[in-house]
Amino acid sequence: MFKPKFRVILAGLLSLSLFALAGCGSTSASSSTSTPASSSTEKVLKVGSDITYAPFEFMDDKQQPTGFDMELIQAIGKDIGYKVSIETCSFDGLITALQAGKYNAVVSAMTITPKREKSVTFSDKYFKSMQYIAMKKGSNFKTLEDLKGKRVGVQLNTTGQFDCEDKGITPKKYDTTPDALTDLLNGGVDAVVADSPVVLWFQAQNPTAQIEVVPANVDPEYYGIAMKKGDTELASKVNASLKKLIDNGTYGQIYKKWFKKDAPKL
């Protein structure tokens, strides 16, 4: 189900300042500004995403980015008159790469948090999610407190990690949520805390694995499209387009395709 990420191997002669961008794929030269690149024929919106997070972003059988986020950003790009160019990057490196001007925007099931809002400008919220606990059948975990003293897997620098740490749990950190869930299947951890749609997708794709899931006892969260801090021009365009796509039903069609139910009101 999940395709492996391709990592860029940094050449030894690169300056140390570039190491913060490790793990980010590159198919074109980086830009030093957050203004979308343009030419005489087209305008390009460079988008970064950690394409290992089905059903939001993952590679299809032809190794092309697909998923809810990918379709949504393509629809937004078309609406505002930009060709969307998507590059893969480790989730942990996305904000750093955005700040460095490598991308104009990041769409990667990224939860809007006060800490992140200090580093980026978020769009209006576009998805409501919550944290789930995944476990092997018979584990009987009900809350995050039940995970104290257990081996808990999370994706690095995600709200799953932060919620566990808030409860005094020191989790085992993985590069991707699928890595953590796969280790659950292999017995490497007792439970995984992650975003509910990703956990449910993994459970559906592994019907014989006897995975059980329960909602974690934390507040719901909302995803936003991240842009460079202070890029109000692009944010205004994205927000206007997002509202338009919600109002005209395009957002609802994309949502129902990937989640098999009507989109809730945000």
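Residue numbering note: each chain is counted from 1, following its sequence as written. Confidence filtering applies because this is a predicted model: local features only for residues at pLDDT of at least 70, side-chain atom pairs given and counted only at 80 or more, and all residues used for totals across whole chains, interfaces and linings. Hydrogens and water are ignored here; the side-chain numbers use all heavy atoms of the structure.

## Let's talk about the overall build of the protein chain
The helix and strand labels rest on DSSP assignments: H or I over at least four residues marks a helix, E over at least two residues marks a strand, and numbering proceeds from the N terminus. Along the backbone of the protein chain there are eight helices and 15 strands. Sorting the 266 residues of the protein chain into buried and exposed places 50% on the buried side. Once local pairs closer than 6 in sequence are excluded, the contacts in the protein chain between residues at least 24 apart make up 71%. When the accessible area of the protein chain is evaluated, it comes to approximately 12700 Å², of which 51% is carbon and sulfur surface. When accessible area is computed with a 1.4 Å probe and restricted to protein chains, residues below 20% of their type maximum are described as buried, those above 50% as exposed, and intermediate ones as partly exposed. Here, two residues are considered to be in contact whenever any of their heavy atoms come within 4.5 Å of each other. The protein chains shown are the only cover counted for residues, whose accessible areas, like all others here, come from Shrake-Rupley with a 1.4 Å probe.

## Quick word on the environment of Pro 55
By the element assignment, Pro 55 lies in the loop between β2 (43–49) and β3 (58–59). You can call Pro 55 buried: its relative accessible area is 1%. Residue contacts for Pro 55: discarding those within four places in its chain leaves Gly 67, Phe 68, Pro 197, Val 198, Trp 201, Trp 258 and Phe 259.

## Remarks on the pattern of salt bridges
Between Lys or Arg on one side and Asp or Glu on the other, a salt bridge is scored when a side-chain nitrogen of the former is within 4 Å of a carboxyl oxygen of the latter. Considering all chains together, one arrives at ten salt bridges under this definition. Note that Arg 151 is salt-bridged to Asp 190, the shortest N-O span being 2.9 Å. A residue pair is termed long-range when its members are at least 10 positions apart, and Arg 151 in the loop between β9 (131–136) and β10 (152–155) and Asp 190 in the loop between α5 (177–186) and β12 (191–195) qualify at 39 residues. Residue class for Arg 151 comes out partly exposed when judged on its relative accessible area of 43%. Among the residues examined, Asp 190 registers a relative accessible area of 23% and is labelled partly exposed. Of the charged contacts, one joins Lys 172 and Asp 183 as a salt bridge, the two residues approaching to 3.3 Å between their closest N and O atoms. Residue Lys 172 is located in strand β11 (residues 172–174), and its partner Asp 183 is located in helix α5; the two are separated by eleven residues in the primary sequence. When its relative accessible area of 16% is taken as the criterion, Asp 183 is described as buried.

## Examining helix α7 (residues 232–247)
With 16 residues, α7 ought to run about 22 Å at 1.5 Å a step, and its terminal C-alpha atoms sit 22 Å apart, in line with that. Those residues of α7 that sit buried are Leu 234, Ala 235, Val 238, Asn 239, Ser 241, Leu 242 and Leu 245. All buried residues of α7 lie within an arc of 165 degrees about the axis, which places them on one face of the element. Across α7 from its buried face, at more than 90 degrees, point the exposed residues Thr 232, Glu 233, Lys 243 and Asp 247. Elements in contact with the buried residues of α7: β2, α1 (68–80), β7 (120–122), β15 (226–228) and α8 (250–259). Positive phi shows up at Gly 249, right after α7, with a value of about 95 degrees. Multiplying 1.5 Å by the helix residue count minus one yields the expected span of that helix. Comment: arc refers to directions from the helix axis out to C-beta atoms.

## Looking at the sheet that holds strand β13 (residues 211–215)
Two strands pair under a simple rule: DSSP has to find at least two bridges between them. Spatial strand order, β11-β10-β12-β9-β13: five strands in an open sheet with mixed pairing. With one partner strand each, in any of the chains shown, β11 and β13 form the two edges of the open sheet. Strand after strand, the sheet turns through a mean of 30 degrees between neighbouring axes, direction not considered. Both β10 and β11 contribute to a ladder of three bridges, which runs parallel. The partner of Gln 155 across the bridge, within β11, is Tyr 174. All axes are obtained by fitting lines to C-alpha atoms, using only the stretch in contact for helices, and the reported angles, taken between N-to-C directions, cover 0 to 180 degrees. Against the sheet, helix α4 (residues 159–166) engages β9, β10, β11 and β12, with an angle of about 135 degrees to β10.

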